[in-house]
Amino acid sequence: MAKKRQENTEEKKRSIPLLVKCLAALLPLFLLCGIVCAVYMRQQTNPDYIAERYMEAFMSKNPTALFHFLGLKRSSFVNEEAFGRFLEESYSYSRIKSYGLTRDTSSADDGIHYRIEFRTGPHSSPVIHTLRLIKSGEKRYLFFDNWIIDHSEYLAGGCSIRIPAGAAADIDGVSLTEEQKVEERDQLATYAADTLFTGTHKIAVHMPGFQDYTADISLKHTDNIDNPLYTVTPSMLSITEDTGKELAAHTEEMIRSLYSGALENQSPDWLHNKFPFEESVRPALGQKYNTLINQMMQPASRLSGVEFREFSSSCVSAYAEDGCYAVKVTTSADYTASSTVSGSNYKKNTPGHSVFITTMHYRDGKWLIHDSTVLESPVYYLK
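Residues numbered from 1 in each chain as written. Predicted model: local features only at pLDDT ≥ 70, side-chain atom pairs only at ≥ 80, totals over all residues. Heavy atoms only, no water.

## Quick notes on the overall build of the protein
- Looking only at helices and strands, one finds 7 helices and 16 strands in the protein.
- Within the span of the protein, comprising 383 residues, buried residues form 38% of the whole.
- Considering only residue pairs separated by 6 or more positions, the protein has 59% of its internal contacts joining residues 24 or more positions apart. (Helix = DSSP H or I, 4+ residues; strand = E, 2+ residues; numbered from the N terminus. Buried < 20%, exposed > 50% of the residue type's maximum accessible area, 1.4 Å probe, protein only. Contact = heavy atoms within 4.5 Å.)

Written out as structure tokens, the structure reads:
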């Protein structure tokens, strides 16, 4: 029995060196794998390697690939197509043939800088660009600094525009939505576009009845949160030819109706119900209307009829104190005025010519009459 126990002990002792031998054989392999992984991770996190990878992506002439390599956050205005336009404007992207990459040894504490020289041909002047790498807050592979491309210089933040209330706008053909409207006051609405690429952008403002207003703006790498990129006021818009014709016809009809109503001794309410006068000016216009009736239709020698034969009107932009869009309609009228004297058969027809100026304001999608000299510069007749 003792002999058998001794044999088992000797057998176990013989098995231990075999395990050691296996571990000893695998240890160099583990060490080699560890060294390879460490070299790989160090290479992947090396700023020079990251800069070279950026240049490879850049020179692939594929804006979409470069967009994703940089990790840009996609939005309505920051996307692959807009990035392509930015690259073309900033670097003549499609024409670049070669580049030179040099690390700036005097890089500051804010990161590592590289000088890049792009050339569009063997004898062309270089386009100089500075590439900046910065450390991300988190480590990479647990132990290594995480260097990333700083793409903030490509972007302008806090972008917004101000346009007339009720108008629509787009930037580079992308419409601004109601959800992007952040404020509306003083006849102007502010729309936030947030972040745009630096460079040139086209703004277009659209309003029914008005010509489209367009403008080019140039953005730099700044935060524009407190300053709208561009402000389009109502006075900067121009009405279309069709709108001018409609306003002229509307004004001419108002002049005809005003005199026919005054001759019939209609009340100011009749006039206000028939034509869209601004609420704020209705009392004053009503008083002028009554004065017209008292002075021309009620005296013993009075105006008894007006036949308007021909109108000629023109429209131009005008100034409005409250900032709304205003149009001044100048109307020339040829007419025949009839006058009579109470208690007699006297009647006289007099040809005449008068010029009336009517100011109209555009509010909430409607044209409203603000004032008209038709109530102050009456037609001429013989008393």
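## Some details on helix α4 (residues 80-91)
- Between its first and last C-alpha atoms α4 spans 16 Å; for 12 residues at 1.5 Å apiece the expected length is 16 Å, and the two agree.
- Within α4, the full set of buried residues consists of E80, A82, F83, G84, F86, L87 and Y91.
- Considering only its buried residues, α4 is in contact with α2 (47-59), α3 (63-69), β2 (112-119), β3 (127-135) and β9 (188-197).
- The N-terminus of α4 is capped by N79, whose side-chain oxygen sits 3.2 Å from the backbone nitrogen of E81.
- With its phi angle positive at about 50°, S92 sits one or two positions after the end of α4. (Expected span 1.5 Å × (residues − 1). Polar contact = N/O pair within 3.5 Å; in protein donor to acceptor, adjacent residues only side chain to side chain.)

## Points about the environment of H129
- By the secondary structure assignment, H129 is in strand β3.
- Taking C-alpha positions, H129 is 7.8 Å from F118, a pair spaced 11 residues apart along the chain.
- Beyond its immediate sequence surroundings of up to four residues, H129 is in contact with Y54, Y91, Y114, R115, I116, F118, E153 and Y154.
- Only 3.1 Å separates the side chain of H129 from the side chain of Y91, close enough to count as a polar contact.

## Digging into the side chain of N79
- Relative to the helices and strands, N79 is located in the loop between α3 and α4.
- Of note is the side chain of N79, whose polar atom sits 3.0 Å from the backbone oxygen of S76.

## Here we look at the sheet that holds β2
- The strand order across the open sheet built from 4 strands is β1-β2-β3-β4, with neighbouring strands paired in antiparallel fashion. Sheet topology places β1 (98-103) and β4 (147-149) at the edges, where each strand pairs with a single neighbour. If you compare each strand with its neighbour and ignore which way they point, the axes differ by 25° on average.
- Where β3 meets β4, 3 bridges bridge the pair, whose relative direction is antiparallel. Along β4, the bridge assignment pairs I134 with I148. (Pairing = 2+ DSSP bridges. Axes fitted to C-alpha atoms, helices over the stretch in contact; angles between N-to-C directions.)

## What about the packing of helix α5 (residues 241-263) against helix α7 (residues 282-297)?
- Axis separation between α5 and α7 bottoms out at 10 Å; the angle between their running directions is 60°. Considered as vectors, α5 and α7 are oriented oblique to each other. When you trace α5 past α7, the crossing you get is right-handed. Here L258, Y259, G261, A262 and L263 of α5 come into contact with α7, specifically with Y289, L292, I293 and M297.
- When grouped by side-chain class, the residues that make up the contact of α5 with α7 number 8 nonpolar, 1 polar and no charged. (Parallel < 35°, antiparallel > 145°, perpendicular 65-115°, else oblique. Left-handed = near helix turned anticlockwise from the far one by under 90°. Nonpolar A, V, L, I, M, F, W, Y, C, P; charged D, E, K, R; others polar.)

## Here we look at unusual backbone geometry
- With phi around 65°, D194 is a residue other than glycine that occupies positive phi space.
- For D194, the position within the fold is in strand β9.
- The class of D194 is partly exposed, set by a relative accessible area of 49%.
- Despite not being glycine, N265 has its phi angle at roughly 60°, a positive value.
- Along the chain, N265 falls in the loop between α5 and α6 (268-274).

## Topic: the confidence of the model for the protein
- Taken over all residues, the pLDDT of the protein has a mean of 84, while the share at 70 or more is 86%.
- Mean pLDDT across the secondary structure elements of the protein bottoms out at helix α1 (residues 2-44), with 60, and peaks at strand β6 (residues 168-171), with 95. (pLDDT = per-residue confidence, 0-100.)

## Digging into the sheet that holds strand β12 (residues 230-231)
- An order of β8-β9-β5-β12 is seen for the 4 strands of this open sheet, with the pairing classed as mixed. The outermost strands of the open sheet, each flanked by one partner alone, are β8 (181-185) and β12.
- Of the pairings in the sheet, the one linking β8 to β9 comprises 4 bridges and is antiparallel in character. Along β9, the bridge assignment pairs R185 with L188.

## Overview of the nonpolar core
- L258, Y259 and W367 are the most contacted members of the largest nonpolar core, which has 59 residues in total.
- If we ignore the near neighbours within four places in the chain, the residues touching W367 are F210, I239, T243, L247, P276, Y325, V327, M360, H361 and Y362.
- Among the nonpolar cores identified, the runner-up in size contains 29 residues, and F58, F67, Y154 and L155 belong to it. (Core = buried A, V, L, I, M, F, W, Y, C linked by side-chain atoms within 4.5 Å.)

## So, the packing of aromatic side chains
- One pass over the structure, following the stated rule, counts 22 aromatic pairs.
- Aromatic pair Y213 and Y230: ring centres 6.5 Å apart, planes at 35°, arrangement tilted. Residue Y213 is located in strand β11 (residues 213-219), and its partner Y230 is located in strand β12; the two are separated by 17 residues in the primary sequence.
- Accessibility expressed as a relative area gives 18% for Y213, which makes it buried. (Phe/Tyr/Trp six-rings, centres within 6.5 Å; stacked < 30°, edge-to-face > 60°.)

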